[in-house]
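Chain by chain, the residues:
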Amino acid sequence: MILVILVSFLQSCVGSFDYYMLSEIWPPGYCHNNPCRRHGPKFSKFIIHGLWPQNTTPCETSKLEEFPRDTLGKLEKDWPSITHKPNGLFWQNEWDKHGSCSMLPQIDYFKLTLDLYGRADIKEILRKEGIVSQIGDVKRYTKYQIENAIKSHPNIDAKPQLICYQGNLAEVRLCFDKSPGHKYKNCSTSYTCPLDNIKLPYLYPKLPVMEPEEAELLRAIPPL
Ligand SMILES: *[C@@H]1O[C@H](CO)[C@@H](O)[C@H](O)[C@H]1NC(C)=O
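One numbering rule holds for all chains: residues counted from 1, following each sequence as written. In keeping with the predicted nature of the model, local features appear solely for residues at pLDDT of at least 70, side-chain atom pairs appear and are counted solely at 80 or more, and the whole-chain, interface and lining totals rest on all residues. Water and hydrogen atoms were dropped before computing side-chain values, which therefore reflect all heavy atoms in the structure.

Some thoughts on the state of the cysteines
Any cysteine sulfur atom paired with another within 2.5 Å is treated as part of a disulfide. All told, the structure shown has 4 disulfides when counted by the stated rule. Note that Cys59 is cross-linked by a disulfide to Cys101, the S-S spacing being 1.8 Å. The S-S bond linking Cys59 to Cys101 shows a torsion near 90°; that makes this disulfide right-handed. One end of the pair, Cys59, is in the loop between strand E2 (47-53) and helix H3 (69-78); the other, Cys101, is in the loop between helix H4 (87-97) and helix H5 (106-118), and 42 residues separate them in sequence. According to the relative accessible area criterion, Cys59 is partly exposed, its value standing at 28%. In this scheme, a residue with accessible area under 20% of its type's maximum is buried, one over 50% is exposed, and one in between is partly exposed, where area comes from a 1.4 Å probe on protein chains only. When its relative accessible area of 3% is taken as the criterion, Cys101 is described as buried. Here Cys175 connects covalently by a disulfide to Cys187, the sulfurs 2.1 Å from one another. Across the S-S bond linking Cys175 and Cys187, the dihedral sits near 115°, which makes this disulfide right-handed. Note that Cys175 is positioned in strand E4 (residues 168-176) and Cys187 in the loop between strand E5 (184-185) and helix H8 (212-220), a separation of 12 residues in sequence. Each member of the pair, Cys175 as well as Cys187, is classed as buried. Among the cysteines of the protein chain that take part in disulfides, numbered as they appear in the sequence, the pairing is 1-2, 3-4, 5-8, 6-7. Runs of H or I in DSSP of at least four residues are treated as helices and runs of E of at least two as strands, each being numbered from the N terminus.

So, in structure tokens, the structure goes:
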């Protein structure tokens with residue numbers, strides 16, 4: 001009896017979560033509020049931020065093992081770090097904070113993330129609805145337009161969560177259930193994007209993009 005209670009207690013405590021959220025970064029918008037590398041590679045596509053199990057119980061993490069060559073190639077292409085963090089440290093942090101809560105072996109977690117990301121090309125989906133990134137930021141879009149372009153895509157058919165910084169689209173988040181097929185599900189709404197006048201910037205902002213030394217200096221300053 002006690003054993004049964006103990007087992008069910010452990011099962012409900014270790015690595016349980018409700019659903020997955022895949023966060024994709026629009027780099028020129030994301031860098032409005034994050035220490036991006038000034039001279040690093042510039043991406044003009046959505047790149048992976050992470051795959052985050054939602055409403056998790058505490059998880060136990062582990063050191064990243066070496067990735068197979070083909071997986072590493074895909075990670076470098078689609079899940080690169082654009083801040084001062086090297087890729088390896090970025091992936092380790094994502095695994096520590098989120099991936100280890102998925103209860104998947106490391107390689108399965110990273111492959112699942114790449115697969116879910118590969119299901120839909122957000123930039124292309126937006127472009128088809130006339131939502132494009134241009135030099136000069138002439139065009140502005142409503143939150144409804146962006147959400148609806150993604151939601152009404154037949155492959156998705158579920159509400160994304162949008163993240164903006166100062167009216168610039170920074171992230172698009174898609175939600176998936178835990179079933180083996182990982183069907184899309186509605187994400188909860190976020191309030192970080194204004195209802196209208198949302199920009200899809202083309203150029204990276206001048207600040208707070210920074211070099212590793214600057215980032216290091218900034219981290220050394222104690223918070224207020
Ligand atoms: C998302 O929510 C809408 C209405 O709020 C509902 O009609 C739709 O079926 C939901 N989609 C999914 C995938 O659950």
